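# A structural walkthrough
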Amino acid sequence: MIRRAKPEEASTLTTIALEAKRYWGYPEHWIKHWESDLTISSDFIRDHHVYVVEVDGEIRGFYALTVSGEPEQIRKAELEHLWVTPSSIGTGIGKELFLDAMERAAALAVRLGLAVKPDAYSWRQLLGAGTLAGIGFTMSLFIASLAFPVEADYAAVKIGVY
């Protein structure tokens, strides 16, 4: 179930972000360098569109959409965070979060006047195109895992794909 994050879950979300980053094999000194960027505060949750996915009552991942710009200007929404627990990588939870984020961002952008859905396309068609792009991303990782069976080589390829 995907739901809005609660400010009191900030510590849990920070832990997920840090553990997920470590999963990809980055050196610990890089993790320390990124720690402030990966720290989720209660204020951040209150001020932005932060959603979590829960499985059996446990948070398994989250994403954050941030909206910037003044109301008089063209505003934009960005996917600032998308992290899943290492034990949930490869289960489809990340894809589920991504699709939810894109759907909410599209609705948010339309509400804020950032974008207008072309009349020639339905929401279903736009979501289908987004899903297809996600599948292409997933397939590139799958093919890379077959081409680079040595974990160190595959880790370098994953960095390139991201």
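Because the structure is predicted, anything quoted here is derived from the model rather than measured.

### As for the pattern of salt bridges
In total, this model carries seven salt bridges according to the counting rule given. Glutamate 35 is the partner of lysine 32 in a salt bridge, and the nearest nitrogen-oxygen pair spans 3.9 Å. Of this pair, lysine 32 and glutamate 35 both sit in helix α2 (residues 28-38), separated by three residues, roughly a single helical turn. Of the charged contacts in the structure, one is a salt bridge between aspartate 43 and arginine 46, with a shortest N-O distance of 2.6 Å. Highlighted residues: aspartate 43 and arginine 46, both in helix α3 (residues 42-47), separated by three residues, approximately one helical turn. Taking the relative accessible area as the measure of exposure, aspartate 43 reaches 45% and is therefore partly exposed. Connected through shared salt-bridge partners, Arg3, Glu9 and Glu54 make up one network.

### With respect to the packing of aromatic side chains
If you walk through the whole model with that rule in mind, you get five aromatic pairs. Ring centres 5.8 Å apart and planes at 65° place the aromatic pair tryptophan 30 and tryptophan 34 in the edge-to-face group. Of this pair, tryptophan 30 and tryptophan 34 both sit in helix α2, separated by four residues, roughly a single helical turn. Residue classification places tryptophan 30 among the partly exposed positions, given a relative accessible area of 38%. For tryptophan 34, a relative accessible area of 21% gives the class partly exposed. Measuring from centroid to centroid gives 5.5 Å for tyrosine 51 and tyrosine 63, while their planes differ by 25°, and the two rings are stacked. Highlighted residues: tyrosine 51 in strand β2 (residues 49-55) and tyrosine 63 in strand β3 (residues 58-68), separated in sequence by 12 residues. The same class applies to tyrosine 51 as to tyrosine 63, namely buried. Ring-pair connections join several aromatic residues into one group, and the members of that group are Tyr26, Trp30 and Trp34. Seen from the ring of tryptophan 34, lysine 21 lies directly overhead, with NZ or CZ sitting 4.3 Å from the centre.

### Describing the nonpolar core
Within the largest apolar cluster, 20 residues are counted, with the highest numbers of intra-cluster contacts made by Leu13, Ile45, Val50, Phe62 and Trp83. At six residues, the largest contribution of residues to this core is made by helix α1 (residues 10-23). Leave out the neighbours within four places in its chain, and phenylalanine 62 touches Leu13, Ile16, Ala17, Ile40, Val50, Tyr51, Val52, His81, Leu82, Trp83 and Leu97. Core analysis: the next-biggest nonpolar cluster, separate from the first, contains nine residues, Tyr63, Leu65, Ile93 and Ala105 among them.

What counts and what doesn't
Residues numbered from 1 in each chain as written. Predicted model: local features only at pLDDT ≥ 70, side-chain atom pairs only at ≥ 80, totals over all residues. Heavy atoms only, no water. Salt bridge = Lys/Arg side-chain N within 4 Å of Asp/Glu carboxyl O. Helix = DSSP H or I, 4+ residues; strand = E, 2+ residues; numbered from the N terminus. Buried < 20%, exposed > 50% of the residue type's maximum accessible area, 1.4 Å probe, protein only. Phe/Tyr/Trp six-rings, centres within 6.5 Å; stacked < 30°, edge-to-face > 60°. Lys NZ or Arg CZ within 6 Å of the ring centre and 35° of its normal. Core = buried A, V, L, I, M, F, W, Y, C linked by side-chain atoms within 4.5 Å. Contact = heavy atoms within 4.5 Å.

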